[in-house]
Amino acid sequence: MSEAKKDINMIAMEVIMNAGDGRDKVDEALAAMAEGRLEQADALLREAEQLIAKAHNAQTEVVQSQVSGEDTEYSLLFVHAQDTVMTITTELRMAQKLLPIVKMLLDKQKGE
């Protein structure tokens, strides 16, 4: 029996929980950036990336099983999970792009 057949809502919750934990790490990283703790921010963003990858992989397994012809029941919770992963992935990417900007600004400030 495929992963999607087991329980689409359980997979959706796994996706939401991993993505949510990733968001928590992104929030912690942004707080660390604001305090100038850039190495810690970088480490937190790497943790967030791993958690979001776990969420994305679980989602992808469901999509791939449906593409390969397996019946997958419709789940509003799974749709919400996909939206959650997409949103938090965007937040992660923005925080990753912000880190070098913060570093450059702090370096400039130290040089003044």
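Refer to the structure above for everything that follows.
Residue positions are given per chain, counted from 1 along the sequence in the order it is written. The predicted origin of the model limits local features to residues at a pLDDT of at least 70 and limits the giving and counting of side-chain atom pairs to 80 or more, whereas totals for whole chains, interfaces and linings rest on all residues. Side-chain measures were taken over the full set of non-hydrogen atoms in the model, leaving aside hydrogen atoms and water.

With that settled, consider the overall build of the chain. Each helix and strand in the chain was counted, giving four helices and zero strands. To qualify as a helix, a DSSP run of H or I must reach at least 4 residues; to qualify as a strand, a run of E must reach at least 2; elements of each kind are numbered from the N terminus. The N-to-C order of helical and strand elements in the chain reads α-α-α-α. Against the globule reference of 13 Å for 112 residues, the chain gives a C-alpha radius of gyration of 18 Å, more extended than a compact globule. When the backbone C-alpha atoms are referred to their principal axes, the chain occupies close to 65 × 20 × 20 Å. Only protein chains enter the accessibility calculation, which uses a 1.4 Å probe. A residue is then buried if its area is under 20% of the maximum for its type, exposed if over 50%, and partly exposed in between. Residues counted as buried form 33% of the 112 residues belonging to the chain. In the chain, once contacts between residues fewer than 6 apart in sequence are set aside, the share between residues at least 24 apart is 76%. Side-chain charges in the chain split into 12 positive and 20 negative, and the spacing between the mean points of these groups amounts to 7 Å. The quantity called the radius of gyration is restricted to C-alpha atoms. Its globule counterpart is 2.2 Å times the number of residues to the power 0.38. Contacts are residue-level and defined by heavy atoms, with any inter-residue pair within 4.5 Å sufficient. Charged residues are defined here as Lys and Arg on the positive side and Asp and Glu on the negative side; His and the ends of the chain fall outside this count. A charged residue contributes its charge at one atom only: NZ of Lys, CZ of Arg, CG of Asp or CD of Glu.

Quick look at the packing of helix α2 (residues 8-34) against helix α3 (residues 38-67) now. Interaxial angles span 0 to 180 degrees and are taken between N-to-C directions of axes, which are lines fitted to C-alpha atoms, for helices over the stretch in contact. Here α2 crosses α3 at 165°, and the two axes come no closer than 8 Å. Viewed along their axes, α2 and α3 adopt a mutual orientation that is roughly antiparallel. Considering the relative orientation of α2 and α3, their crossing is left-handed. Throughout, the term roughly parallel applies to angles under 35 degrees, roughly antiparallel to angles over 145, roughly perpendicular to angles from 65 to 115, and oblique to all others. Crossing chirality is assigned from the near helix's rotation relative to the far helix, an anticlockwise turn below a right angle marking it left-handed and a clockwise turn marking it right-handed.

A surface patch of like charges, here negative, comprises D21, D24, D27 and E28. Mapped onto the elements, D24 comes out in helix α2. Given the relative accessible area of 41%, D24 is considered partly exposed. A residue counts toward a patch only above 30% relative accessible area and without a salt bridge, and it is joined to like-charged neighbours within 9 Å or, for Val, Leu, Ile, Met, Phe, Trp and Tyr, to nonpolar neighbours within 5 Å. Per-residue and other accessible areas follow the Shrake-Rupley method at a 1.4 Å probe size, with only the shown protein chains counted as cover for residues. Only one rule defines a salt bridge in this text: a Lys or Arg side-chain nitrogen within 4 Å of an Asp or Glu carboxyl oxygen.

This next bit is on the nonpolar core. In these notes, a set of buried Ala, Val, Leu, Ile, Met, Phe, Trp, Tyr and Cys residues joined through side-chain atoms within 4.5 Å is what counts as a nonpolar core. V15, M33 and L45 are the most contacted members of the largest nonpolar core, which totals 27 residues. Per-element accounting of this core gives the leading share, 10 residues, to α2. Leaving out residues up to four positions away in the same chain, M33 has contacts with L38, A41, L45, A95, L98, L99 and V102.

Moving on to a nonpolar patch on the surface. Taken together, L30, L98, I101, M104 and L105 make up a surface patch of nonpolar side chains, about 410 Å² in accessible area. Considering the arrangement of structural elements, one finds L105 in helix α4 (residues 76-111). By relative accessible area, which is 49% here, L105 ends up partly exposed.

Relative to the helices and strands, S65 resides in helix α3. In protein, a polar contact means a hydrogen-donor-capable atom and an acceptor-capable atom, both N or O and within 3.5 Å, with residues adjacent in sequence counting only if both atoms are side-chain atoms; elsewhere, any N or O pair within 3.5 Å suffices. One polar contact links the side chain of S65 to the main-chain carbonyl oxygen of V62, over a distance of 2.8 Å.

Before going further, it helps to spend a moment on α4. Compared with the 52 Å implied by 1.5 Å per residue over 36 residues, the 53 Å span of α4 between its first and last C-alpha is a close match. Taken residue by residue, α4 has F78, A81, T84, V85, I88, L92, A95, L99 and V102 as its buried positions. In this structure, the buried side of α4 is in contact with α2 and α3. Expected helix span is taken as 1.5 Å per residue step, with the number of steps being one fewer than the number of residues.

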